[in-house]
Amino acid sequence: MSAVTLAININKRTDDKPVDMGLILGSGLSGLMDLIDDATAVPYDELPGFPHAGVSGHSPNLVIGTMEGVNVAVFGGRSHYYEHGKADAMRVPLETLKALGAKAVCVTNSAGSLREDLPPGSQMLITDHLNLSGTSPLIGEPGDARFVDMVDCYDPELVAAARRGAAEIGVDLKDGVYAWLSGPAFETPAEIRMLKTLGADTVGMSTVPEVILARFLGLKTVGFSNVTNMAAGMSATAITHAQTKEWAAKSAAQFQALIKAFLRQL
Ligand code: HPA
């Protein structure tokens, strides 16, 4: 089913609610879905081309409504490259978001931190990224549009709005670079030392393919990492997905406040 048909079907369900911004929620961050006003949920199962399998800590629904007065389409779950080896797994959802009328997408993730001043429970504003996966969601895409300009792919105006929002609620939001590795194994300590040398501040297994696709589709992007652990070799605590979900829950209140404060600045 084409993205336009999906958007028409979604519009029927929502009585044509407008959509200005998409919001993709990372592992353990789906609590934000409870804060959507005038919400209509459409399960991914009813949307061909949307991810079905899923990872624990995600909620596979698209919820359309408003948050802080902004018309949002919130993706409660995403598909990761490591689930199936397809880097373009979020293409249909992003195309649908565009067909719904959105101009921008906010991507969020749970991530490991490479910086002592970004401890678990803190958030980072993604100002650039490193694609270290060795792949791209645009491999096989025909035509010259595939040569996407990635300078300022984290939109300077949206980044500025995020900084203003953080200042408004007194959150010390640091800028940083997010590194995408395929996973699903976590990194080795040697890989983390390499990433530090390369200039990474957080590391994770998502987000970057969505940002590449969003830029390809002409959607502006902004992104946040929610730190759930210090990266491999940086702390005595073992890194587990359970820990990711635990810290995502502990920091949910501040993460949600930050996203709402950002939306108020738009
Ligand atoms: N590495 C990769 N992905 C992650 C991590 C990590 O340390 N924490 C949460 N997602």
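Refer to the structure printed above.
The following refers to the structure shown. All values reported here derive from a predicted model rather than from experimental measurement. (Residues numbered from 1 in each chain as written. Predicted model: local features only at pLDDT ≥ 70, side-chain atom pairs only at ≥ 80, totals over all residues. Heavy atoms only, no water.)

### Focus: the nonpolar core
The nonpolar side chains of a soluble globular protein tend to be buried with one another. Leu62, Leu94, Leu97, Phe224 and Phe262 are the most contacted members of the largest nonpolar core, which has 69 residues in total. Among the elements that make up this core, the one with the highest residue count is helix α6 (residues 208-217) (seven residues). Judged by nonpolar contacts, the second largest core, of 12 residues, contains Leu181, Ile192, Met230 and Ile239. (Core = buried A, V, L, I, M, F, W, Y, C linked by side-chain atoms within 4.5 Å. Buried < 20%, exposed > 50% of the residue type's maximum accessible area, 1.4 Å probe, protein only. Helix = DSSP H or I, 4+ residues; strand = E, 2+ residues; numbered from the N terminus.)

### A word on unusual backbone geometry
For the peptide bond that leads from Gly183 to Pro184, omega is 0°, which places it in the cis range. Counting through the fold element by element, Pro184 comes out in the loop between β7 (174-180) and α5 (189-198). A positive phi angle, near 55°, is found at Asp15, a position not held by glycine. Tracing the backbone shows Asp15 in the loop between α1 (3-14) and β1 (21-24). One non-glycine residue, Glu68, adopts positive backbone phi at about 50°. Mapped onto the elements of the fold, Glu68 is located in the loop between β3 (61-67) and β4 (70-75). Residue class for Glu68 comes out partly exposed when judged on its relative accessible area of 32%.

### Remarks on the pairing of β7
The buried fraction of β7 is high, at five of seven residues. Sheet topology note: the β7/strand β8 (residues 202-204) ladder contains three bridges and is parallel. Paired with Tyr178 across the two strands is Thr202, which belongs to β8. Assessed by its sense of winding, the connection that carries the chain from β7 through α5 to β8 is right-handed. (Pairing = 2+ DSSP bridges. Right-handed = clockwise from strand over helix to strand, strands pointing away.)

### Describing the site of the ligand
The local shell around the ligand consists of Ser110, Ala111, Gly112, Phe186, Glu187, Val203, Gly204, Met205, Thr228, Asn229 and Thr244. Taking Ser110, its main chain carries an N or O atom lying 3.4 Å from a nitrogen atom of the ligand. In this structure, Asn229 approaches the ligand through a side-chain N or O atom, which is 2.7 Å from a nitrogen atom. In isolation the ligand offers 260 Å² of accessible surface; the protein chains occlude 95% of this area. Sorting the residues of the shell around the ligand by element identifies β5 (104-113), β8 and β9 (220-230) as the ones contributing at least two each. When residues of the shell around the ligand are assigned to their parent elements, the largest contribution, three residues, is made by β5. In the shell around the ligand, the residues fall into four nonpolar, six polar and one charged. (Near = heavy atom within 4 Å. Polar contact = N/O pair within 3.5 Å; in protein donor to acceptor, adjacent residues only side chain to side chain. Areas by Shrake-Rupley, 256 points an atom, 1.4 Å probe, with all protein chains shown as cover. Nonpolar A, V, L, I, M, F, W, Y, C, P; charged D, E, K, R; others polar.)

### Description of the pairing of β1
Because side chains alternate across β1, one face comprises the buried residues Met21 and Leu23, and the other comprises Gly22 and Ile24, equally buried. Pairing geometry for β1 and β4, over four bridges, is parallel. Each residue of the ladder has a partner; that of Ile24, found in β4, is Phe75. As paired strands, β1 and β5 are joined by four bridges and run parallel to one another. Bridge pairing links Gly22 to Val105 in β5.

### Considerations on the packing of helix α4 (residues 156-168) against helix α8 (residues 252-264)
Here α4 crosses α8 at 120°, and the two axes come no closer than 7 Å. Put simply, α4 runs oblique to α8. Seen from above, α4 lies across α8 with right-handed handedness. Judged by residue contacts, Leu158, Ala161, Ala162, Gly165, Ala166 and Glu168 of α4 engage Leu258, Ala261, Phe262 and Arg264 from α8. For the contact of α4 with α8, a count of residues per class yields seven nonpolar, one polar and two charged. (Axes fitted to C-alpha atoms, helices over the stretch in contact; angles between N-to-C directions. Parallel < 35°, antiparallel > 145°, perpendicular 65-115°, else oblique. Left-handed = near helix turned anticlockwise from the far one by under 90°. Contact = heavy atoms within 4.5 Å.)

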